[in-house]
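The lines below spell out each chain.
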Amino acid sequence: MLVDFNTLPEESKVWIYQCNRSFSDEELKELESKLDLFIENWTAHGSDLQAGYKIVYKRFIVIGLNHQAGAATGCSIDASVHFIQQLEKDYQVDLLDKMNVSYKQGDFIAYKTLSDFKKMAKDRAVSKNTIVFNNLVVNIAEFNENWEVPASDSWHSRFIK
């Protein structure tokens, strides 16, 4: 069951998929339609899952699930991964590689491999004040508080002197 992401409880589980590029306005319209359809029909053992999504900065797909209303199962999680894999094919993008880092450079969102980010930290091209996206947050409360943070407040801090 599709619900407005902003109405989900703070304890709701989140999955964040970062894209290696921004989606175009036309792609965003298509993407929203596909997400609407997927989430509207997303179930666990035949029961509707109460879920919503938001697309942030034209490049992050954030799916939230109210697990108190019905928890995702192995099959429903597999279905969501297959859906994301299909989006990767449809738009020729990378959404599942967790070994990449997104961060802000002014108003621009940069996307680098982890090894490139480490090198940039060593070269002081990024600092502890660089705003990074901590895609390891697990619920909406953490997403709201700790997703978009200075590198010093995230797991990224281990790379920055």
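Read on for an overview of the structure. In this text, all values refer to a predicted model and were calculated from it rather than measured experimentally.

## Description of the overall build of the protein
Next, step 1: Along the backbone of the protein there are four helices and nine strands.
Next, step 2: Relative to its length of 161 residues, the protein is compact, with a C-alpha radius of gyration of 16 Å against a globular reference of 15 Å.
Next, step 3: For the C-alpha atoms alone, the extent of the protein along its principal axes is close to 50 × 30 × 25 Å.
Next, step 4: When the 161 residues of the protein are sorted by exposure, 44% land in the buried category.
Next, step 5: Long-range pairs, those at least 24 residues apart, make up 66% of the contacts in the protein between residues at least 6 apart in sequence.
Next, step 6: Accessible area for the protein stands at about 8600 Å²; split by element, carbon and sulfur atoms hold 49% of it.

## Quick word on unusual backbone geometry
Next, step 1: Although it is not a glycine, Tyr57 sits at a positive phi angle of roughly 55 degrees.
Next, step 2: Within the secondary structure, Tyr57 is located in the loop between strand S4 (51-56) and strand S5 (60-65).
Next, step 3: Residue class for Tyr57 comes out partly exposed when judged on its relative accessible area of 35%.
Next, step 4: At Arg124, a position not held by glycine, the phi torsion is positive, near 65 degrees.

## Things to note about the pairing of S4
Next, step 1: Relative to S5, S4 runs antiparallel, the two sharing six bridges. Paired with Val56 across the strands is Phe60, a residue of S5.
Next, step 2: The turn joining S4 and S5, which pair antiparallel and follow one another in sequence, is formed by three residues; a positive phi near 55 degrees is taken by Tyr57.

## A short note on the environment of Pro150
Next, step 1: Tracing the chain through its elements places Pro150 in strand S9 (residues 148-150).
Next, step 2: With 70 residues separating them in the primary sequence, Pro150 and Ser80 have C-alpha atoms 30 Å apart.
Next, step 3: Leaving out residues up to four positions away in the same chain, Pro150 has contacts with Lys128, Asn129, Thr130, Ile131 and Val132.

## Structural notes on the environment of Asp97
Next, step 1: Locating Asp97 in the fold gives a position in the loop between helix H2 (74-91) and strand S6 (100-105).
Next, step 2: For Asp97, a relative accessible area of 35% gives the class partly exposed.
Next, step 3: Residues Asp97 and Thr113, spaced 16 residues apart in sequence, show a C-alpha to C-alpha distance of 9.5 Å.
Next, step 4: Among the polar contacts listed, one links the side chain of Asp97 to the backbone nitrogen of Met99, at a separation of 2.8 Å.
Next, step 5: Within the local environment of Asp97, its side chain forms a polar contact with the side chain of Asn100, the two groups lying 3.4 Å apart.

## Description of the packing of aromatic side chains
The description of an aromatic ring pair rests on the distance of the ring centres and on the angle between the ring planes.
Next, step 1: Within this structure, the stated rule accounts for twelve aromatic pairs.
Next, step 2: Seen from their ring centres, Tyr57 and Phe133 are 5.7 Å apart, and the 70 degrees between their planes marks the pair as edge-to-face. Of this pair, Tyr57 sits in the loop between S4 and S5 while Phe133 is found in strand S8 (residues 131-133), placing the two residues 76 residues apart along the sequence.
Next, step 3: Take Phe133: its relative accessible area is 2%, and that puts it in the buried class.

## Regarding the sheet that holds strand S1 (residues 13-18)
To summarise the sheet geometry, strands pair through backbone hydrogen bonds and adopt either a parallel or an antiparallel arrangement.
Next, step 1: The strand order across the open sheet built from three strands is S1-S5-S4, with neighbouring strands paired in antiparallel fashion. Lying at the two open borders of the sheet, with one neighbouring strand each, are S1 and S4. For this sheet the average axis-to-axis angle between neighbouring strands, irrespective of direction, equals 15 degrees.
Next, step 2: One ladder, built from six bridges, connects S1 with S5; its direction is antiparallel. Paired with Ile16 across the strands is Val62, a residue of S5.

Here is what the cut-offs are and how they apply
- Residues numbered from 1 in each chain as written.
- Predicted model: local features only at pLDDT ≥ 70, side-chain atom pairs only at ≥ 80, totals over all residues.
- Heavy atoms only, no water.
- Helix = DSSP H or I, 4+ residues; strand = E, 2+ residues; numbered from the N terminus.
- Rg over C-alpha atoms; globule rule 2.2 N^0.38 Å.
- Buried < 20%, exposed > 50% of the residue type's maximum accessible area, 1.4 Å probe, protein only.
- Contact = heavy atoms within 4.5 Å.
- Areas by Shrake-Rupley, 256 points an atom, 1.4 Å probe, with all protein chains shown as cover.
- Pairing = 2+ DSSP bridges.
- Polar contact = N/O pair within 3.5 Å; in protein donor to acceptor, adjacent residues only side chain to side chain.
- Phe/Tyr/Trp six-rings, centres within 6.5 Å; stacked < 30°, edge-to-face > 60°.
- Axes fitted to C-alpha atoms, helices over the stretch in contact; angles between N-to-C directions.

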